[in-house]
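# Survey of secondary and tertiary structure
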Amino acid sequence: MASFVVKASRVGFVLRTAKCLNATLTGTCSASDRRYCTKGDSRVPKIYTKTGDKGFSSTFTGERRPKEDHVFDALGTTDELSSAIGLAREFCIDKGHTFTYQLDKQIQCVLQDVGSNIATPRSSAREKHINKTKFTPQPIADLETWIDKFTDELPPLTNFILPSGGKSSAALHVARTVCRRAERSVAPIVRSGEADPEVAKFLNRLSDYLFTVARYAAMKEGNEEKIYKRPE
């Protein structure tokens, strides 16, 4: 849970720096990435705080909630999704895929923004909290653009396919399934008005993107996608 929510006094720091962690630490945040990432405080926070030892964590608004709360469940699943994408990205880099910049500079950074929004329940948020963690629709539009571009290059989908097509493709399919779980965990939070609706839309579109780019990776590597056949 440390990726998104730690003790209340440090959450602001996490939100400032999590916009694009890799770019912030390396100083490589380019002009084209600034809509998603900002340069933040260069101080390194302490990894352990001991504030969660009794089974409670803090939201960005300062609430102390049990760690099994639906907010922290959603944050944990979103963190897991980013990790799954990170692993898939490493496989894709090994194969020289040109779309890998989308996975970290765009998608993983935006997932940090997703976490920030989820960690700010609207029922206890003040205006400054909402302004700092508001989720915009631009990342959704970007995903749709990429999906359309890859789809135009792919052969028509005529059968149910199984996760396959090489390590890159299979890893992206794993990330897709984690994304679906993240979407399910976020849905009730959005329905209750505690998070921006665009967060759920982004996760929904992200799973479609991961499905599409998994197929694209298999095609570019010349690997066969296994199709579903009913056992005889």
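Below or above, wherever it landed, is the structure these notes cover. Note that the structure is a prediction, hence the values are computed from the model and not measured. (Residues numbered from 1 in each chain as written. Predicted model: local features only at pLDDT ≥ 70, side-chain atom pairs only at ≥ 80, totals over all residues. Heavy atoms only, no water.)

## Brief notes about the overall build of the protein chain
For the protein chain, the count of helices and strands is eight helices and two strands. The long-range fraction of contacts in the protein chain, counting pairs at least 24 apart against all pairs at least 6 apart in sequence, stands at 76%. Counting every atom, the protein chain has about 12,100 Å² of accessible surface; 53% of that belongs to carbon and sulfur. (Helix = DSSP H or I, 4+ residues; strand = E, 2+ residues; numbered from the N terminus. Contact = heavy atoms within 4.5 Å. Areas by Shrake-Rupley, 256 points an atom, 1.4 Å probe, with all protein chains shown as cover.)

## Section: the pattern of salt bridges
Inspection of every chain in the model, using the stated rule, returns 13 salt bridges. Ionic pairing is found between Glu153 and Lys149, a salt bridge with its closest N-O pair at 3.4 Å. Taken as a pair, Glu153 and Lys149 lie in helix α6 (residues 138–153) at a separation of four residues, close to a single helical turn. Here Glu153 falls in the partly exposed class, since its relative accessible area comes to 36%. One salt bridge connects Asp208 with Arg180, and the closest N-O pair in it is separated by 3.6 Å. (Salt bridge = Lys/Arg side-chain N within 4 Å of Asp/Glu carboxyl O. Buried < 20%, exposed > 50% of the residue type's maximum accessible area, 1.4 Å probe, protein only.)

## Re unusual backbone geometry
Within the chain, Lys50 stands out as a residue other than glycine whose phi angle is a positive 70°. Secondary-structure assignment places Lys50 in the loop between α2 (21–26) and β1 (56–58). Residue classification places Lys50 among the exposed positions, given a relative accessible area of 61%.

## Structural notes on a nonpolar patch on the surface
A contiguous nonpolar surface patch, about 350 Å² in accessible area, is contributed by Phe160, Leu162 and Tyr228. In this structure, Phe160 sits in the loop between α6 and α7 (167–191). (Patch = residues over 30% accessible without salt bridge, like charges linked within 9 Å, V, L, I, M, F, W, Y side chains within 5 Å.)

## Some thoughts on helix α8 (residues 197–221)
In this model α8 runs 36 Å from its N-terminal to its C-terminal C-alpha over 25 residues, within 8% of the 36 Å that 1.5 Å per residue would give. A positive phi of about 75° marks Gly222, the residue just after α8. (Expected span 1.5 Å × (residues − 1).)

## Overview of the packing of aromatic side chains
Counted by the stated rule, this structure contains six aromatic pairs. Between Trp146 and Tyr209 the ring centres are 5.8 Å apart and the planes differ by 55°, which places this aromatic pair in the tilted class. Within this pair, whereas Trp146 is found in helix α6, its partner Tyr209 is found in helix α8, the two being separated by 63 residues in sequence. Note on Tyr209: relative accessible area 0%, which makes it buried. Pairing Phe150 with Tyr209 gives two aromatic rings, centres 6.3 Å apart and planes at 50°, and the pair type is tilted. Remark: Tyr209 occurs in helix α8 and Phe150 occurs in helix α6; sequence separation between them is 59 residues. Feature note: the residues Phe99, Trp146, Phe150, Tyr209 and Tyr216 constitute an aromatic cluster, connected by ring pairs. (Phe/Tyr/Trp six-rings, centres within 6.5 Å; stacked < 30°, edge-to-face > 60°.)

## Things to note about the environment of Leu210
Positionally, Leu210 belongs in helix α8. Expressed as a C-alpha distance, the spacing of Leu210 and Ile85, which sit 125 residues apart in the sequence, is 9.0 Å. Excluding residues within four positions of it along the chain, Leu210 makes contact with Leu81, Ile85, Leu172, Ala175, Arg176 and Cys179.

## Points about the side chain of Ser164
Inspection of the secondary structure puts Ser164 in the loop between α6 and α7. Its relative accessible area of 10% is what places Ser164 among the buried residues. Only 2.8 Å separates the side chain of Ser164 from the backbone oxygen of Leu162, close enough to count as a polar contact. Within the structure, the side chain of Ser164 is placed 2.8 Å from the backbone nitrogen of Lys226, a separation counted as a polar contact. With residues near it in sequence (within four places) discarded, Ser164 still touches Ser169, Ala170, His173, Glu224, Glu225 and Lys226. (Polar contact = N/O pair within 3.5 Å; in protein donor to acceptor, adjacent residues only side chain to side chain.)

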